[in-house]
Amino acid sequence: MMTTELENETIIVAPINELSTIEGVTDTSCALVWLDPSNGDAERQAGLPAENCTNHALTEPAIDDIDGNGTPEVLSATGDQRLVAHDADTGAEKWRHPTTSLGYSKPATANLLPSDGKEVVVVDLQGGLFVVRSNGTTAWDRNHDSSTWADPQIADFDGDGDPEIAVGTGDAIYLYEADGELLLEKDISAQFLVTGQADDDEAPELFVASDDDVVALDGDDGGTVWSRSLDTISKIHSVGDGDGDGTDEVYLGLSGGTVQALPPTLGDIGGDRSPELVVGTQEGVVYVLDPSSGEQLATYERETPIWTYPVLADIDEDPGSEILIMYGDGRVAALSFEG
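Along each chain, residues carry numbers from 1 onward, in the same order as the chain's sequence is written. Reporting in this predicted model follows two pLDDT cut-offs: at least 70 for local features of residues, and 80 or more for side-chain atom pairs to be given and counted; totals over whole chains, interfaces and linings ignore these cut-offs and use all residues. Each side-chain value is worked out from all heavy atoms of the structure, with water and hydrogens disregarded.

J.: Just give me the short version of the sheet that holds strand β17 (residues 192-196), but keep the residues and values in it.
T.: Whether two strands pair depends on DSSP finding at least two bridges between them. Secondary structure elements are taken from DSSP: a helix is a run of H or I of four residues or more, a strand is a run of E of two residues or more, and numbering for both begins at the N terminus. Taken together, 4 strands build an open sheet; the order of strands is β17-β18-β19-β20 and the sheet is antiparallel. This sheet does not close on itself; its edge strands, each paired only once, are β17 and β20 (224-229). Going from strand to strand, the sheet's axes swing by 15 degrees on average, the running direction of each strand aside. Relative to strand β19 (residues 213-218), strand β18 (residues 205-210) is paired through 6 bridges, and the arrangement is antiparallel. If you follow Phe207 over to β19, its bridge partner there is Ala216. Axis lines are fitted through C-alpha atoms, for helices just across the contact stretch, and the angle between N-to-C directions can take any value from 0 to 180 degrees.

This is the structure:
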């Protein structure tokens, strides 16, 4: 699920993916669904053909005005091996770009090249990397021939003033210049890949979660800043200064035990300008935690599993963000929290 705010307009788009073995699958069973921020009603949807409807048939979308015309696009990689751009206002398809396999991770957008608009960076499950112009044409692509689950990252990792693209596969991490030049290759498996700060320089680092290890890598030379072994599978989504001490923390979801936590999300949901940590679990429980101490502040429970991380967005006029949770049965719940 993805939400964004543009010119005081909140856009919420949820990817719905049904299994192809379910009877009655239609051309709208796997669809991007636009939700009314005020009440959660479905406003419109854009679906896939029934034969392409599987779990992971649509990735989490990115929402951005990539062509600079004042209207954002909704971008999602699909099970029929396409990156598709939709008009955020109407849901109409604007263009589609082929990939080498089904999409799995969220696309990223940035102004990378000296051309009109922003570029879209997308990876597919077999390691294909595509940098696509705002009009849907190819800028450049690479094939890593390795299972790829992590979202691509865009940041100025080497501190030279220009953005680079980081891709994490099951075999290695790759860092590219915006024009496609390979800067480094690091032999480390990446199931989750996020960007944050781990040292005293201005350039961000890459945080990698793979099986039972979490590693912080220097984006300039690929050196290990620190590494931790957790003896369990970890999932990472949020990096930020949760305790207000001026240093970023890495927040993980750990498998095992009685709670199998998905990647947590950090943000101000209490409206007091200090962050809270929100975690969804496969048991259907949403936890709000104090990021500095881990103290449990609130819970919300529903007997339906949660398979993806919470999204925080301010969808009303109250201070602070609301918690948007997408459950395994396709229901989206908006939760409020008062600290």
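J.: Please give an account of the sheet that holds strand β29 (residues 332-335) that cites residues and values.
T.: Strand order in the open sheet made by the 3 strands is β27-β28-β29, with antiparallel pairing throughout. The open sheet is flanked by β27 (311-313) and β29, the only strands paired with a single partner. The average undirected angle you get between the axes of adjacent strands in this sheet is 25 degrees. One ladder, built from 3 bridges, connects β27 with strand β28 (residues 322-326); its direction is antiparallel. By the bridge assignment, Ala313 is partnered in β28 with Glu322.

J.: Can you break down the pattern of salt bridges residue by residue, with the values?
T.: Each reported salt bridge corresponds to a side-chain nitrogen of Lys or Arg within 4 Å of a carboxyl oxygen of Asp or Glu. In the structure shown here, the tally under the stated rule is 6 salt bridges. Asp67 is paired through a salt bridge with Lys94; the nearest N and O atoms lie 2.9 Å apart. Separated by 27 residues along the polypeptide, Asp67 in the loop between β5 (62-64) and β6 (73-77) and Lys94 in strand β8 (residues 93-98) bring together distant segments of the chain. The buried label goes to any residue with under 20% of its type's maximum accessible area, the exposed label to any with over 50%, and the partly exposed label to all in between, with areas taken from a 1.4 Å probe on protein chains only. Residue classification places Asp67 among the partly exposed positions, given a relative accessible area of 29%. Its salt-bridge partner being Lys94, residue Glu73 comes within 2.7 Å of it at the nearest N-O pair. Here Glu73, found in strand β6, pairs with Lys94, found in strand β8; they are 21 residues apart in sequence, far enough to count as distant. Taking relative accessible area as the criterion, Glu73 reaches 1% and is therefore assigned buried.

J.: Run through the environment of Val286, naming residues and quoting values.
T.: When you line up the elements, Val286 lands in strand β25 (residues 285-289). For the pair Val286 and Tyr300, spaced 14 residues apart in sequence, the C-alpha to C-alpha distance is 5.0 Å. If we ignore the near neighbours within four places in the chain, the residues touching Val286 are Val278, Val279, Ala298, Thr299, Tyr300, Ile306, Ile325, Tyr327 and Leu335. The criterion used for residue contact is that any of the two residues' heavy atoms lie within 4.5 Å.

J.: Would you mind going over the state of the cysteines in detail, with residue names and values included?
T.: Here, the term disulfide refers to a pair of cysteine sulfur atoms separated by no more than 2.5 Å. As enumerated under the stated definition, the model contains 1 disulfide in all. Covalent S-S linkage joins Cys30 and Cys53, the inter-sulfur distance amounting to 2.1 Å. Across the S-S bond of Cys30 and Cys53 the torsion is about 75 degrees, and the bridge reads as right-handed. Here Cys30, found in the loop between β2 (9-16) and β3 (31-35), pairs with Cys53, found in the loop between β4 (42-47) and β5; they are 23 residues apart in sequence, far enough to count as distant. Here Cys30 matches Cys53 in class, with each residue buried.

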